[in-house]
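Tertiary structure, described
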Amino acid sequence: MKQPWIHNVKTDWWFILSPPFLVLLVIFLFQKQIQGLENHYSFYTWLFLIVFVDVAHVYSTLFKTYFVKGEIQKNKWLYLGIPAVSWILGIILFQFGSLTFWSVLALVAVFHFIRQQYGFMRIYARFEPNNWSKRIDEVAVYSATIYPMLYWFKTPRAFTWFVDNEFDWLQNLPDYIPFITITYFAILIIWIIKTVIEAFKTKNINVPKTALITGTFLSWYFGIVYFNNDLLFTFLNVISHGIPYIALIYIREIQQKENHQLNRMQIFKSFSGIFLFIGVLLSFAFMEEFLWETLVWNEHFSLNVIISEKLLQFLVPLLVVPQLTHYLLDGFIWRKPKKVA
C-alpha cells in the first residue's frame, strides 16, 4: 500500500505527526522540570509557545490567501468581507461584556482546533473509499477532541483558553460526565478493534492516518483531562496544533508549487527561504503580541499606555481580527472545488 503522505515520510512525521508524541514524551520524562520553567521562566515559555507558535501559525494563512497573486481578485467578498465582519462581530459581542466576548471567541477557537484534526484525517484518508471504516475514523477524531472539551466544561481546570471563567456558564448543565466517558472509551475501543482487524485483513495499514488519530487521542486527553496544569496544557495544545498547520501551509503552498505559480513567493522555496518564511511569521506574531501587551494585557511587559474603556471596546475586537479571520477563513480555503460534470 502506498502511504498517503502529504510530502514525504520524514517531513510528515517530524512536522505534522510527531509533535503530540514528542511533547508527551518530554512531559513524562521531564514533568517537574517543565513545571519549574513556568515558575522561573514564564516570559520565555510565553514567548516561544504563545507568540512564536500559536500566534505565528495564524499568520501562515497569509501564504495561502492574501500573499497569493490574484487570490483576492478571485473572491473579494470573502477576503475583504471576513476581516470586516470579524471586527463588527467583535464590537457587537464586546457590548455584552468582555467575558461574553472571550467566551464566544474561545468556542470558535475550539471548533477550529477540532476541525483541523478532522481535516488532517481527511487528507490522510483521501485515497480510501467513503465506507463504514472511514465513518468510524471520523467519529473517532470528533470523540478524541469533543470529549475532553465537554469534560473541561463541567470540571474546573487549572488553565484557560483565553481568560478566567470563560466556560463557567456551561457548568450549570446537567452532569453528563459518566455518560460521555463511557461513550468516549467505547468509541476508542471500537476504533482500535476496527483498525487492528482492517490491518490483519488487508495486510496493510494507513500509517499517517492512524498516527494522526492516535496522536489526537493522546494530546487532547492528556492535555485536558489527565493533566490539570496550565503549562502542560499549553505545551500540548499549541505545539500539536500550530506546528502541523505551519508545515502544511509551507508544503502545500510553497514547496509543492512550481516557481511560475509562486511568482514573487518563490524566494521562500529555497533552503534559506524556509528561514525567511519562519522569519515573516515570527515578525507578524511579535508585532501583534507587542500591541496586545502594551495596549491591553500589560502582563509580560508594559509601556504604561493607558487606554480608556470606551476605546477598548473597539480596540480589542480590532486586535482579534487576524485571529478570527484565520478561524473563519479556514472554513473556506481548504474546500476542494466541486467537480464539473
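Let us look at the structure shown here. Source: prediction; values computed, not measured. (Residues numbered from 1 in each chain as written. Predicted model: local features only at pLDDT ≥ 70, side-chain atom pairs only at ≥ 80, totals over all residues. Heavy atoms only, no water.)

Now for the nonpolar core. Met 149, Trp 161 and Phe 167 are the most contacted members of the largest nonpolar core, which totals 58 residues. If you list the elements that add at least two residues to this core, you get α1 (9–17), α6 (76–94), α7 (98–124), α8 (132–154), α9 (177–202), α10 (207–226), α11 (230–255) and α14 (309–333). Sort the elements by how many residues they give to this core and α7 lands first, with 13 residues. Excluding residues that lie within four positions of it along the chain, Trp 161 makes contacts with Ala 106, Ala 109, Val 110, Phe 113, Met 149, Trp 152, Glu 166, Phe 167, Phe 233 and Asn 237. (Core = buried A, V, L, I, M, F, W, Y, C linked by side-chain atoms within 4.5 Å. Buried < 20%, exposed > 50% of the residue type's maximum accessible area, 1.4 Å probe, protein only. Helix = DSSP H or I, 4+ residues; strand = E, 2+ residues; numbered from the N terminus. Contact = heavy atoms within 4.5 Å.)

Unusually for a residue other than glycine, Asn 165 sits at a positive phi of about 65°. Within the secondary structure layout, Asn 165 lies in the loop between α8 and α9. Even without a glycine there, the phi angle at Asn 298 is positive, about 55°. Within the fold, Asn 298 resides in the loop between α13 (271–297) and α14. Its relative accessible area of 33% is what places Asn 298 among the partly exposed residues.

Turning next to the pattern of salt bridges. If you walk through the whole model with that rule in mind, you get nine salt bridges. We note a salt bridge from Glu 138 to Arg 135, for which the minimum N-O separation is 3.8 Å. Of this pair, Glu 138 and Arg 135 both sit in helix α8, separated by three residues, roughly a single helical turn. The partly exposed category is assigned to Arg 135, whose relative accessible area is 40%. In this structure, Glu 253 and Lys 257 form a salt bridge, with 3.1 Å as the shortest nitrogen-oxygen distance. By relative accessible area, which is 6% here, Glu 253 ends up buried. Connected through salt bridges with shared partners, the residues Glu 128, Asp 137, Lys 194, Glu 198 and Lys 209 form a single ionic network. (Salt bridge = Lys/Arg side-chain N within 4 Å of Asp/Glu carboxyl O.)

We now examine the side chain of Ser 240. Considering the arrangement of structural elements, one finds Ser 240 in helix α11. Residue classification places Ser 240 among the buried residues on the basis of a relative accessible area of 11%. Here the side chain of Ser 240 touches Leu 236 through a polar contact of 2.8 Å, landing on its backbone oxygen. When neighbours within four sequence positions are excluded, Ser 240 is seen to be in contact with Pro 19, Pro 20, Gln 117 and Ser 219. (Polar contact = N/O pair within 3.5 Å; in protein donor to acceptor, adjacent residues only side chain to side chain.)

Mapping Glu 38 onto the fold places it in helix α3 (residues 31–40). Of the residues examined, Glu 38 reaches a relative accessible area of 29% and is grouped as partly exposed. For the pair Glu 38 and Leu 231, spaced 193 residues apart in the sequence, the C-alpha separation amounts to 6.7 Å. Leave out the neighbours within four places in its chain, and Glu 38 touches Thr 45, Asp 230 and Leu 231.

Further remarks concern the packing of α9 against α10. Axis separation between α9 and α10 bottoms out at 12 Å; the angle between their running directions is 160°. Taken as axis vectors, α9 and α10 run roughly antiparallel relative to one another. By crossing handedness, the relation of α9 to α10 is classed as left-handed. Contacts between α9 and α10 involve Tyr 184, Phe 185, Leu 188, Trp 191, Lys 194 and Thr 195 from the former and Lys 209, Thr 210, Ile 213, Thr 214, Phe 217 and Tyr 221 from the latter. Residue composition of the contact of α9 with α10, by class: seven nonpolar, three polar and two charged. (Axes fitted to C-alpha atoms, helices over the stretch in contact; angles between N-to-C directions. Parallel < 35°, antiparallel > 145°, perpendicular 65-115°, else oblique. Left-handed = near helix turned anticlockwise from the far one by under 90°. Nonpolar A, V, L, I, M, F, W, Y, C, P; charged D, E, K, R; others polar.)

Here the focus is α11. The end-to-end C-alpha distance of α11 is 35 Å, a good match for the 38 Å that 26 residues give at a rise of 1.5 Å each. Burial analysis of α11 places 22 of its 26 residues in the buried class, the great majority of the element. Two to three positions downstream of the cap, the backbone nitrogen of Leu 231 sits 3.0 Å from a side-chain oxygen, assigning the N-cap of α11 to Asn 229. (Expected span 1.5 Å × (residues − 1).)

Our next topic: empty space enclosed by the protein. On inspection of all chains with the given rule, the structure shows two cavities of 30 Å³ or more. Considered as a void within the structure, the largest cavity measures approximately 200 Å³ in volume. Around the largest cavity, the lining is made up of 19 residues, and of these Gln 117, Ser 219, Trp 220, Ser 240 and His 241 lie nearest the centre. Of all the elements in the fold, those that place two or more residues in the lining of the largest cavity are α1, α7, α10 and α11. Counting residues per element, the lining of the largest cavity draws most heavily on α10, at seven residues. Among the residues making up the lining of the largest cavity, the classes are represented as eleven nonpolar, eight polar and no charged. (1 Å grid on protein atoms, 1.4 Å probe; cavity = no way out; pocket = protein on both sides within 12 Å on 5 of 7 lines; lining within 4 Å. Points joined across faces, edges and corners; volume = space filled by probe spheres on them.)

The final tally for this structure, using the stated rule, is 43 aromatic pairs. Measuring from ring centre to ring centre gives 5.3 Å for Phe 43 and Tyr 44, while their planes differ by 85°; the resulting arrangement is edge-to-face. On the basis of relative accessibility, which here comes to 54%, the residue Tyr 44 falls in the exposed class. When the centroid spacing of 5.0 Å and the interplanar angle of 80° are considered together, the rings of Phe 113 and Trp 161 count as edge-to-face. Placement of the pair is Phe 113 in helix α7 and Trp 161 in the loop between α8 and α9, with a sequence separation of 48 residues. Owing to a relative accessible area of 12%, Trp 161 belongs among the buried residues under this scheme. Taken together, the ring pairs in this structure connect Phe 28, Tyr 147, Tyr 151, Tyr 184, Phe 185, Trp 191, Phe 217, Tyr 221, Phe 222, Tyr 226 and Phe 227 into an aromatic cluster. (Phe/Tyr/Trp six-rings, centres within 6.5 Å; stacked < 30°, edge-to-face > 60°.)

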